[in-house]
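# Structural characterization, general
If you want the building blocks of each chain, they are given just below.
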Amino acid sequence: MSDSADMQDDIADAAVEANVKRARQRAKDIEEERAEVLRILLATEAGARFFVWLVEEVCGLHRPTAGADFNPNGTHFREGARHVGLELHHRAMAHARRAYMVALVNHDPRAR
């Protein structure tokens, strides 16, 4: 290869590396913004009540996923909803554990 081709490859590699760094930083910034929004949501009474309702009631985090009729379509649907609930639960545990635990104690219908 010529020196010109090597230089162009080096420039292309540097550009790709810079793009990867920017993309990683952007992903990190987005994740931190989401974590902050979750902390703000769980810091309010209404937000905490809404979040627990969403995870427990809408997503059915602690409900069985197999229906009484054992319809596989219904089971798959409930498994998908539960997967969303698990993702929300894990994010709350990772970014706002104490506020989430307080919200569960205060607003989880299973705790009453």
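Structural data are supplied above this passage.
Calculation criteria
Residues numbered from 1 in each chain as written. Predicted model: local features only at pLDDT ≥ 70, side-chain atom pairs only at ≥ 80, totals over all residues. Heavy atoms only, no water. Phe/Tyr/Trp six-rings, centres within 6.5 Å; stacked < 30°, edge-to-face > 60°. Helix = DSSP H or I, 4+ residues; strand = E, 2+ residues; numbered from the N terminus. Buried < 20%, exposed > 50% of the residue type's maximum accessible area, 1.4 Å probe, protein only. Contact = heavy atoms within 4.5 Å.

## Notes on the packing of aromatic side chains
If you walk through the whole model with that rule in mind, you get 2 aromatic pairs. Seen from their ring centres, Phe-50 and Trp-53 are 5.7 Å apart, and the 40° between their planes marks the pair as tilted. Here the residue Phe-50 and the residue Trp-53 both occupy positions in helix 2 (residues 45-58), the gap between them amounting to 3 residues, near one helical turn. Assessed through its relative accessible area of 44%, Trp-53 is described here as partly exposed. Here the aromatic rings of Phe-51 and Tyr-100 are separated by 5.7 Å at their centres, their planes lie at 85°, and the arrangement is edge-to-face.

## Remarks on the side chain of Glu-56
As for its position among the elements, Glu-56 is in helix 2. Residue classification places Glu-56 among the buried positions, given a relative accessible area of 6%. Not counting the four nearest positions on each side in its chain, Glu-56 is found in contact with Leu-61, His-62, Arg-63, Leu-104, Asp-108 and Arg-110.

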